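# Observations on the three-dimensional arrangement
So you can see what is in the structure, the chains are spelled out below.
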Amino acid sequence: MVHRFSPSDLSRIIEMAWEDRTSFEAIERLYGLNQHQLIRLMRAELKAGSFRLWRERTSGRTSKHLALRSPDISRAYAPGQYKPR
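Read on for a plain summary of the structure. Every chain is numbered on its own, with residues counted from 1 as its sequence reads. Residues qualify for local features only when their pLDDT is at least 70, as the model is predicted, and side-chain atom pairs are given and counted only at 80 or more; totals for whole chains, interfaces and linings, by contrast, use all residues. The basis for the side-chain values is all heavy atoms of the structure; hydrogens and waters are excluded.

### Observations regarding the pattern of salt bridges
What counts as a salt bridge is simple: a side-chain nitrogen of Lys or Arg found within 4 Å of a carboxyl oxygen of Asp or Glu. For the structure shown, the criterion picks out three salt bridges. A salt bridge links Glu 15 to Arg 12; the nearest nitrogen and oxygen atoms lie 3.1 Å apart. Linking Glu 15 with Arg 12, this pair stays in helix H1 (residues 7–18), spanning three residues, or about one helical turn. Burial here depends on accessible area, computed with a 1.4 Å probe over protein chains only, as a share of the maximum for the residue type. Under 20% is buried, over 50% is exposed, and the range in between is partly exposed. By relative accessible area, Glu 15 is classed as partly exposed at 38%. In this structure, Arg 57 engages Asp 20 in a salt bridge whose closest nitrogen and oxygen atoms are separated by 2.9 Å. Taken as a pair, Arg 57 in helix H4 (residues 48–58) and Asp 20 in the loop between H1 and helix H2 (24–31) lie far apart in primary sequence, 37 residues in all. Each of the salt bridges in this network shares a partner with another, and the network as a whole consists of Arg 12, Glu 15 and Glu 19. Numbering of helices and strands runs from the N terminus; a helix is a DSSP stretch of H or I covering at least four residues, while a strand is a stretch of E covering at least two.

Below, the structure is given as structure tokens:
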């Protein structure tokens, strides 16, 4: 299935993928991309070095998978992340 995203949606997907607390399942629920599709999108959109850093960061990270996540983590962002300006 081919997904076409607006530039703002694409930017938000990439931002969510980089966030430690945003699970792959949350991205799939919001944008319809499973983990493998997200990896392909990130590979296509990021520079090679950035993609490698992202894969190293997300590989084995339990917070990126709801089933492996600690029950203490009930939100997808840090408390101070979205402060009003």
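After presenting the structure, the write-up continues.
### As for the nonpolar core
By nonpolar core we mean a set of buried residues, namely Ala, Val, Leu, Ile, Met, Phe, Trp, Tyr and Cys, connected to one another through side-chain atoms within 4.5 Å. Judged by nonpolar contacts, the single largest core of 16 residues is most densely connected at Ile 13, Leu 38, Leu 41, Met 42 and Trp 54. Broken down by secondary-structure element, the contributors of at least two residues to this core are H1, H2, helix H3 (35–45) and H4. Per-element tally for this core: the top contributor is H1, with five residues. The residues contacting Met 42, other than those within four sequence positions of it, are Ile 14, Ala 17, Trp 18, Phe 51 and Trp 54. Pairs of residues are marked as contacts when any of their non-hydrogen atoms sit within 4.5 Å.

### Considerations on the packing of aromatic side chains
A pair of Phe, Tyr and Trp rings is counted when the ring centres sit within 6.5 Å of each other, with Trp represented by its six-membered ring. The angle between the planes then sorts it: under 30 degrees is stacked, over 60 is edge-to-face, the rest tilted. This model, assessed by the stated rule, comprises two aromatic pairs. Ring geometry for Phe 5 against Tyr 31: centres 6.1 Å apart, planes inclined by 75°, an arrangement best described as edge-to-face. In this pair, Phe 5 is assigned in the segment before H1 and Tyr 31 in helix H2, connecting sequence segments 26 residues apart. On the basis of relative accessibility, which here comes to 19%, the residue Tyr 31 falls in the buried class. Ring centres of Phe 51 and Trp 54 lie 6.0 Å apart, and the angle between their planes is 40°; this geometry places the pair in the tilted category. Here Phe 51 and its partner Trp 54 are both found in helix H4, three residues apart, which amounts to about one turn of the helix.

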